[in-house]
Amino acid sequence: MNEHTVKSFDQELQSLDRKVAQMGGLAERLLGQSFDALERRDPKLAENAVASDRAIDLLERELQEQTILMIARRQPMANDLRHIMTVLKIAGDLERIGDLAKNIAKRALAVSGENHPKPLMTGLKHMLELAMRQLKDVLDAYSERNADKALEVWRHDERIDAMYNSLFRELLTYMMEDPRNIGLCTHLLFGAKNIERVGDHTTNIAENVHYLVHGTALIDDRPKGDDTSSTLIRKE
Amino acid sequence: MVMDMPSQSTFSARGAVAGGKATKISARGVNVYYGEKQALKEVNVEIPDKGVMAFIGPSGCGKSTFLRCINRMNDTIASCRVAGRIEIEGQDIYDSKLDVVQLRARVGMVFQKPNPFPKSVFENVAYGPRIHGLAKSKTDLEGIVIASLRYAGLFEEVKDRLQDSGTSLSGGQQQRLCIARAIAVQPEIILMDEPCSALDPIATAKIEELMEELTESYTIVIVTHSMQQAARVSQRTAFFHLGSLVEEGPTEVIFNKPQDKRTQDYITGRFG
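Throughout, a residue's number is its position along its own chain's written sequence, starting from 1. Here chains are named by letter from A upward and ligands by number from 1 upward, in the order in which they appear as written. For this predicted model, a pLDDT threshold of at least 70 governs which residues receive local features, and a threshold of 80 or more governs which side-chain atom pairs are given and counted, while totals over whole chains, interfaces and linings are taken from all residues.

Caption draft 1: Spatial organisation of the overall build of chain A. Helix numbering and strand numbering both begin at the N terminus, where a helix is a DSSP run of H or I of at least 4 residues and a strand a DSSP run of E of at least 2. The helix and strand tally for chain A stands at 6 helices and 0 strands. Ordered by position in the sequence, the α and β elements of chain A form the string α-α-α-α-α-α. By principal-axis analysis of the C-alpha atoms, chain A measures approximately 70 × 40 × 25 Å. Using C-beta atoms placed from the backbone, we call a residue buried if 20 or more other C-beta atoms fall within 10 Å of its own, exposed if 12 or fewer do, and partly exposed for counts in between. Within chain A, buried positions represent 38% of all 236 residues. A fraction of 82% describes how many contacts in chain A between residues 6 or more apart in sequence connect residues 24 or more apart. Contacts here follow a simple rule: the backbone-placed C-beta atoms of the two residues must lie within 7 Å.

Caption draft 2: Summary view of the pairing of strand S1 (residues 23–34) of chain B. Residues and elements named next belong to chain B. Note on pairing: two strands pair once DSSP finds at least 2 bridges between them. Relative to strand S2 (residues 37–48), S1 runs antiparallel, the two being bridged by 8 bridges. Each bridged residue has a counterpart across the sheet, and for Ser 26 the counterpart in S2 is Glu 46. Between S1 and S2, which follow one another and run antiparallel, lie 2 residues, and Gly 35 among them has a positive phi close to 65°. Note that S1 and strand S4 (residues 80–88) share 8 bridges and pair antiparallel. Residue pairing for S4: Asn 31 is matched across the bridge by Ala 83.

Caption draft 3: Highlighting the sheet that holds strand S6 (residues 107–110) of chain B. Residue and element names in this part refer to chain B. Read from one edge of the open sheet, 6 strands run S6-S7-S8-S3-S9-S10, paired in mixed fashion. The sheet is open, and its two edges are formed by S6 and strand S10 (244–250), each paired on a single side. Along the sheet, successive strands turn relative to each other by an average axial angle of 20°, direction set aside. Pairing analysis gives 4 bridges linking strand S3 (residues 51–56) to strand S9 (residues 236–241), with the strands arranged parallel. Counterpart to Phe 55 in the pairing with S9 is Ala 238. Fitted lines through C-alpha atoms serve as axes, helices being fitted only where they are in contact, and the angles separating the N-to-C directions of these axes extend from 0 to 180 degrees. Here helix H6 (residues 171–183) sits on the sheet and contacts S6 and strand S7 (189–193); the angle it forms with S6, its principal contact strand, is near 170°.

Caption draft 4: Examining the pairing of S10(B) more closely. Judged from the 6 bridges that link them, S9(B) and S10(B) form a sheet pairing that is antiparallel. Bridge pairing links B:Ala238 to B:Glu248 in S10(B).

Caption draft 5: Broad picture of the sheet that holds S4(B). In space, the 4 strands of this open sheet follow the order S2-S1-S4-S5 (chain B), with antiparallel pairing throughout. At either margin of the open sheet sits one strand with a lone partner, and together these are S2 and strand S5 (91–92) of chain B.

Caption draft 6: Region of the structure containing helix H1 (residues 7–40) of chain A. Take the residue count of a helix, subtract one, and multiply by 1.5 Å to get its expected span. The terminal C-alpha atoms of H1(A), which comprises 34 residues, lie 49 Å apart, in line with the 50 Å expected from a rise of 1.5 Å per residue. Once H1(A) finishes, A:Arg41 follows within two positions and takes phi at roughly 50°, a positive value.

Caption draft 7: Expanded view of the packing of helix H3 (residues 121–131) of chain B against H6(B). All names here are of chain B. Two numbers describe how H3 lies on H6: the axes approach to 7 Å, and their chain directions differ by 30°. As summarised for this structure, H3 and H6 are arranged roughly parallel, according to the angle between their axes. For H3 against H6, the interelement crossing comes out right-handed. The segment H3 lies against H6, with Val 121, Asn 124, Val 125 and Gly 128 engaging Leu 177, Ala 180 and Arg 181. When residues are sorted by character, Ala, Val, Leu, Ile, Met, Phe, Trp, Tyr, Cys and Pro go into the nonpolar class, Asp, Glu, Lys and Arg into the charged class, and all the rest, Gly among them, into the polar class. When the residues that make up the contact of H3 with H6 are grouped by side-chain class, the tally is 4 nonpolar, 2 polar and 1 charged. If an angle is under 35 degrees, it is roughly parallel; if it is over 145, roughly antiparallel; if it lies from 65 to 115, roughly perpendicular; otherwise it is oblique. With the far helix as reference, a near helix turned anticlockwise by less than a right angle produces a left-handed crossing, and one turned clockwise produces a right-handed crossing.

Caption draft 8: Expanded view of the nonpolar core. The nonpolar core is taken to be a set of buried Ala, Val, Leu, Ile, Met, Phe, Trp, Tyr and Cys residues joined by way of C-beta atoms within 7 Å. Ranked by internal contacts, the top residues of the largest apolar core, which has 76 residues, are B:Phe55, B:Ile70, B:Ala180, B:Ile190, B:Leu191, B:Ile220 and B:Val221. Here the element with the most residues in this core is H6(B); it accounts for 6 residues. Residues in contact with B:Phe55, not counting those within four places in the same chain, are B:Lys63, B:Phe66, B:Leu67, B:Val221, B:Val223, B:Ala238 and B:Phe240. By size, the runner-up hydrophobic cluster in this structure holds 58 residues, among which are A:Met70, A:Ala101, A:Leu139 and A:Met163.

Caption draft 9: Structural view of the confidence of the model for chain B. All names here are of chain B. What pLDDT reports is the predictor's confidence in each residue, on a scale of 0 through 100. Chain-level pLDDT for chain B is 89 on average; 92% of the residues reach the 70-or-more range. Below pLDDT 50 for its whole length, residues 1–20 participates in 31 contacts with residues either more than four positions away or in separate chains. What the predictor reports for the complex is a pTM of 0.81 with an ipTM of 0.74.

Caption draft 10: Region of the structure containing the packing of H1(A) against helix H2 (residues 43–74) of chain A. Residue and element names in this part refer to chain A. Put simply, H1 and H2 touch, their axes get as near as 9 Å, and they point 160° apart. Compared by their axis directions, H1 and H2 come out roughly antiparallel. Of the two elements, H1 crosses H2, and the hand of that crossing is left-handed. Its residues assigned to classes, the contact of H1 with H2 shows 15 nonpolar, 7 polar and 9 charged.

Right under this line is the structure:
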């Protein structure tokens, strides 16, 4: 890509990408912290997660102000306009991912005193690992402007959905077996739902990378695997 | 807001012009030379009827040269030679039998700097209809002048100053006076060569608003250096570079996802 005649425009665009990378790094770390919180149930970890989330929020606000100013000042066109709009949208998705990760960490601590059935925790951690890998891949796709890679992320979200489905059914079973499990299972269910939402925001970012590169929206139907909204407990 | 303007088809039978989608102007293999120097190379473009087509490109790219080919303004430059074919509704405008005066009545022009005649506001607009014999009587002529001024969005501002000199108006008003003068002879096409570059933002907005209304009845071709203006007012945009038409297409495509890298570099300010 050639440089702009106005050098400061290039610097501003680079600064946007630096901040997106920074936000993405923080969001990844925050997901890692919530993973640790699930594993170790250390209250210190929840505090760390809250602090990281505040840094993400701050960056989102900065990016909002910066992008609006750039649109007003530079009246960007074509790929520049797409770049700036994409940054604004990605910042919004990363901010939501931060919130969700923080929430997972908090829930992990809320259930720290209880006896965790191992297979459930393993399922949840696998799901979170997958969501983290997806986030990392989509951030790479953004920084490389790699629409194919973004498309791959977009398609792989189905796996997270599938894990969420099976976890959902498992949790229902545990709750039916023994009502004393309901408290723990509800928290874990929300945790799983949050991870599933992280996956959805990740696919949003993937769609934005595609738009940034090609100038068109991703329109074919994404394979969706989450059917929990229509799942019921069957009465015997 | 077509007022009491007489019908447009006075100067030519309009054939199968339908739905504003038909081709109004068609250029094929147009080459233009100023002496030895080639200013335009193999320009091919179809300009649809009733709408705004914007020409953009860096200075010296040939966009104004091409604009001036459409009403044969280049004839006035001795060293200028135009090859290729330009048709308006299928009629070759470089045909030796064609009456250039009639052509320029069909194809009006508005320039970068407002250039009213040093005559009254009324006379500025009345001049064209009078020499082309469009008015049967004095009342008829007055009707045309008022309708044209009104169409150009100027009448309310000058109705008490019709006998004042055209040059006493503000820059923006002068430009709208020139547009009124152009439409008074009932052209089919209006060429605009950077019509707003000497105007302040308010006057510019008024001209742009006017252009939108004019598209109901006229085909407008505008040369502009303001990308934002092209994006706002036109339905199609053509990008010229070094005498060639690099890319032409729907305006939203040109400004969102141009096909040619040169177009993208130009509209995003990366040229040079």
